[in-house]
Amino acid sequence: MKKRVRQQFGSVVFDKRIKTWNFLWWESGKRRSKAIGTLRHFPTKASAWRAAKALRQMLENNAVRLSSNAPTLVTLIEKYRAEKMPRRVDTRRTYEVWLRNHIIPKWGDCALSDVQARPVELWLESLMLAPKSKAHIRGVLSILWDFAVWRGDIPMQRNPMELVTIRGVTKRTRQPRSLTLDEFQRFLSHLEEPFTTVALLCCCLGLRISECLGLKWCDVDWLDGKLRVERGIVCQQVDDVKTTESRKLMVIDRELLETLKTWKQATQFAAPDDWMFASPVQLGRLPWSYDLVWRMYQRAAGEAGIGRIGTHSLRHTYRTWLDSVGTPLGVQQKLMRHADIRTTMNVYGDAATADMQEAHGKIVALALNGLQTDCKPS
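My aim in this report is to walk through the structure given alongside it, one point at a time. Per chain, residues are indexed from 1 in the order of the written sequence. Under the rules for a predicted model, residues below a pLDDT of 70 receive no local features and side-chain atom pairs below 80 are neither given nor counted, while totals for whole chains, interfaces and linings still include all residues. Side-chain metrics in this entry use all non-hydrogen atoms of the structure; hydrogen atoms and water are not considered.

1. What about the side chain of Glu211?
Test applied: A run of DSSP states H or I qualifies as a helix once it reaches four residues; a run of E qualifies as a strand once it reaches two. Both are numbered from the N-terminal end. Side-chain atoms alone can form a polar contact between residues adjacent in sequence; in general such a contact is a pair of N or O atoms within 3.5 Å, and within protein one must be able to donate a hydrogen while the other accepts it. Whether two residues are in contact is decided by their heavy atoms, any of which lying within 4.5 Å being enough.
Tracing the sequence through the fold places Glu211 in helix H10 (residues 209–213). Polar contacts involving the side chain of Glu211 include one to the side chain of Arg208, which spans 2.6 Å. Not counting residues within four places of it along the chain, the set of residues in contact with Glu211 comprises Val229, Arg231, Gly232, Ser246 and Arg337.

Written out as structure tokens, the structure is:
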């Protein structure tokens, strides 16, 4: 292993005959050497190794070019699609967006050796995208590099995408939207069935829209008041849930259960294996599409005068309301079905405006009462 590393990245050796440090490497099966300096200039091997940094970087940058098997990026992408592309529909769809819209147009005809840290970082800085989107593109490029190493198309080396930095990636450019109780009620009043029930389930259970559209009537335990989240619907394809934690048996309040019973009596697709929100246009074979739900949400939000909202806004609203009623953080994590409590704390939810004002008023009252007590004449 050590011998292979020396051959690939070079080594520093002291020549006792001529008293010089030399940098040795292999190129096209032949041993190459370049003098670095004498003991007077570099008294230790460590200092000679540091002096050879430029030579080592040149060797590392050329490592892919020296390999005759190094593919172009578009060829590598086709192999990745066939062998390692994630199976989950939503993840695969997201990867394809970054590949088709950004990576292939820019780097598709280039050799993988050209996809290095500096040109990639400069390119990402030039894109009119949010830092989070740039980080996703960098992540896909990093996966492609690892895939090429896994296949043996390029020598084992450090992934250059690890050196790409993106400013502001940890900062949100747009805060997630949470609805107040009044906004949600106005929004709900402008929806029609089945979209009213869809919105209620998403807001009262914190369901993702893909999970809500993926529900079947057999997922409901009417006697015990439970709901199983087993699948999702993405681009009208049955998909797995996002994480292992997402697949849970959830408790349904009796009032919400009555709402579901009312919708079950109204729909023409009420068999156990029917989709809960089956589309009559699809003759019940598929649920209503995400695009249609999104358009209905936008229309209702506009008529309610609450501005634009996304389908995920109701999941954020659920987390906000859990916080406002004093739900312990550990319980919130389980109800949100998050694998990591930091996601619950840092990504979802915000204190409702009314609750913030009430809490602020209590603090002001304490402070002012204390001030008035101190100011009373003795």
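2. A word on the packing of aromatic side chains
Which entries qualify depends on this criterion: Pairs were defined over the aromatic rings of Phe, Tyr and Trp, the Trp ring being its six-membered one, requiring ring centres within 6.5 Å. Orientation was assigned from the angle between planes: stacked under 30 degrees, edge-to-face over 60, tilted for the rest. When the NZ atom of lysine or the CZ atom of arginine is within 6 Å of a ring's centre and also within 35 degrees of its normal, the charge is said to sit over that ring.
The tally for this structure, following the rule as stated, stands at 9 aromatic pairs. Counting every residue linked through ring pairs, the aromatic cluster contains Tyr80, Phe147 and Trp150. Residue placement shows Lys84 over the ring face of Trp150; its charged tip is 4.5 Å from the ring centre. When the ring centre of Trp217 is taken as reference, the NZ or CZ atom of Lys264 above it lies at 5.7 Å.

3. What to know about the side chain of Lys216
Defined as follows: The rule is simple: take the accessible area with a 1.4 Å probe, protein chains only, and divide by the maximum for that residue type; under 20% is buried, over 50% is exposed, in between is partly exposed. In this tally, Asp and Glu contribute negative charge and Lys and Arg positive charge; neither His nor the terminal groups of the chain are included. The salt bridge definition used is simple: a Lys or Arg side-chain nitrogen within 4 Å of an Asp or Glu carboxyl oxygen.
The topology assignment puts Lys216 in the loop between H10 and strand E4 (220–221). Buried within the structure, Lys216 lacks any salt-bridge partner; its nearest side chain of opposite charge belongs to Asp273, at an N-O separation of 5.5 Å. Discounting residues that sit within four places of it in the chain, Lys216 has contacts with Arg231, Pro272, Asp273, Asp274, Trp275 and Met276.

4. A word on the sheet that holds strand E5 (residues 226–228)
Going by this rule: What makes two strands pair is DSSP finding at least two bridges between them.
Strand order across the open sheet formed by 3 strands is E4-E5-E8, with antiparallel pairing between neighbours. Only two strands of the sheet have a single neighbouring strand rather than two, namely E4 and strand E8 (249–251).

5. Points about the packing of helix H9 (residues 195–205) against helix H11 (residues 254–266)
Threshold: A fitted line through C-alpha atoms represents every axis, and for helices the fit uses only the stretch in contact; the resulting angles, taken between N-to-C directions, go from 0 to 180 degrees. With respect to orientation, any angle under 35 degrees is reported as roughly parallel, any angle over 145 as roughly antiparallel, any angle of 65 to 115 as roughly perpendicular, and every other angle as oblique. Each crossing gets its hand from how the near helix is turned against the far one by less than a right angle, where anticlockwise is left-handed and clockwise is right-handed. Residues are grouped as follows: Ala, Val, Leu, Ile, Met, Phe, Trp, Tyr, Cys and Pro are nonpolar; Asp, Glu, Lys and Arg are charged; all remaining types, including Gly, are polar.
At a closest axis distance of 11 Å, the pairing of H9 and H11 adopts a crossing angle of 155 degrees. By the criterion of interaxial angle, the relationship of H9 to H11 is roughly antiparallel. The way H9 lies across H11 gives a crossing that is left-handed. Where H9 abuts H11, its residues Thr197, Leu200, Leu201, Cys204 and Leu205 lie against Leu256, Thr259, Leu260 and Trp263. A class-by-class count of the residues in the contact of H9 with H11 yields 7 nonpolar, 2 polar and no charged.

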